Amino acid sequence: MADAEPTAMRPVQPPAGLQLLWIWLGLGVQSFGGGTATLFLIRRAVVERHGWLSEAEFTRDWALCQAAPGINLICLTVLVGYRVRGALGIVVAMIGLLLPSVTITALLTGMYASIRDLDMVQSALRGVVPATAGLGLLLSVQMLRPPLTDSCREGRASLILTIALVIATALLVGVARMPVIVALLGAGMIAAIAGWRRARLRPAEPQP
Amino acid sequence: MIEPFSFFWLLLRASLLSTGGTGNLPLLHQELTAQGLADDRQFAEALAIGQISPGPSGLWVISLGFLIDGPRGALLALVAIALPPLLVLVVAQLYRRAGDHPAMQGFVRGMMLAVVGAFVPVLINLLWSNGPSAAAFLIALVSVGIGMTRRVPIIVHLGLAALAGIMLM
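Bear in mind that the values here come from a model prediction, so they are computed numbers and not experimental data.

So, how was this worked out
Residues numbered from 1 in each chain as written. Chains lettered and ligands numbered in written order. Predicted model: local features only at pLDDT ≥ 70, side-chain atom pairs only at ≥ 80, totals over all residues. Heavy atoms only, no water. Salt bridge = Lys/Arg side-chain N within 4 Å of Asp/Glu carboxyl O. Helix = DSSP H or I, 4+ residues; strand = E, 2+ residues; numbered from the N terminus. Buried < 20%, exposed > 50% of the residue type's maximum accessible area, 1.4 Å probe, protein only. Polar contact = N/O pair within 3.5 Å; in protein donor to acceptor, adjacent residues only side chain to side chain. Contact = heavy atoms within 4.5 Å.

### A short note on the pattern of salt bridges
Inference 1: A complete count under the given rule lists 10 salt bridges over all chains for this structure.
Inference 2: A salt bridge links glutamate 55 of chain A to arginine 43 of chain A, with the shortest nitrogen-to-oxygen separation between them at 2.7 Å. Taken together, the positions of glutamate 55 of chain A in helix α3 (residues 55–67) and arginine 43 of chain A in helix α2 (residues 35–49) put the pair 12 residues apart, joining distant regions of the chain.
Inference 3: Overall, glutamate 55 of chain A belongs to the partly exposed group, its relative accessible area being 41%.
Inference 4: In this structure, arginine 41 of chain B engages glutamate 45 of chain B in a salt bridge whose closest nitrogen and oxygen atoms are separated by 2.8 Å. Of this pair, arginine 41 of chain B and glutamate 45 of chain B both sit in helix α3 (residues 40–52), 4 residues apart, which is roughly one turn of that helix.
Inference 5: We classify glutamate 45 of chain B as buried; its relative accessible area is 2%.
Inference 6: When salt bridges with common partners are traced through the structure, they connect Arg43, Glu48 and Glu55 of chain A into a single cluster.

### Observations concerning unusual backbone geometry
All names here are of chain A.
Inference 1: Backbone geometry at arginine 177 places phi at a positive 60°, although glycine is not the residue there.
Inference 2: Turning to its location among the elements, arginine 177 is positioned in the loop between α6 (156–174) and α7 (180–201).
Inference 3: Arginine 177 sits in the exposed class, given a relative accessible area of 61%.

### Notes on the side chain of threonine 169 of chain A
Inference 1: Take threonine 169 of chain A: it is sitting in helix α6.
Inference 2: In terms of polar contacts, threonine 169 of chain A uses its side chain to reach the backbone carbonyl oxygen of leucine 165 of chain A, at 2.4 Å.
Inference 3: For threonine 169 of chain A, the residues in contact, after removing those within four places along its chain, are Gly174 and Ala183 of chain A together with Ala114, Gly117 and Ala118 of chain B.

Here it is as structure tokens:
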């Protein structure tokens, strides 16, 4: 985990801006498979095909993206773009990745908006909406898994706090109509204090 | 009538305070439905289009922006989701100095947990956007099952749901 500082000019010979744009556009065009497929493609291009980053660097960067605000894949694009070619690298990488997918998303929405009031579309949607709720449930379980595993390892007090924070947020936001921002920051603060106290009680714990 | 600056600020705030593609959903849902600018249906539509279209699924916000405010809304949403990820450069710096600090890790974890908690009311709203119904519940249940197999492409998945909607609802 040494040297997580973003250092530009990583590769032996930095590729030209236009060539970079071309590579990232290629990734953007191929990003039809959704997030996981896109991550797979970026890794293959960045690590295997062009050797801009080592496998370990790529993995560490991806971990950093989990903690950064916003869409993880865009964070990764920013980091990789910066390491390859500095500020220019960021701009080129973002344009390349986002231009195709954003255009298609907007076009799809526009097309949909023109037919959304048809009777058939309406009743189709009554099926799609609960299906997205099901997908959302799966997504929540996936998001919950890493912190749940961590707190299981840390013992019962941590596990109880983890579960309590989820339930309390659900109730406070859903029933008491607490602003989501307040809930997010409040839960962050509580967990920060808990994490800090846990570390002080067990200072000899080895770093992961 | 949408006021573009406050709409943009809301989109930006939601993106800044979340990590991942859908972490911004609870905040946007709460504020936009409270102000009467969007309803559950638009959220479901945007989420579905975000799943079908290429790129990160977080681009669902572009679709939401379009549904609420047309092309201008999509553009505002694009800027709002493109800016916060730049902070990953700061995170990378911070991580070098304090990333292993337990309070920092705790804070990130607490936010993640709260996002999951705040998801619950949104999911209930989506599930019963047309009032409680057994058919909607069944579709959601089957959707979970299909999603768990990880074998069915999302476009087929949602296509089946649309078909079920036409036949059952």
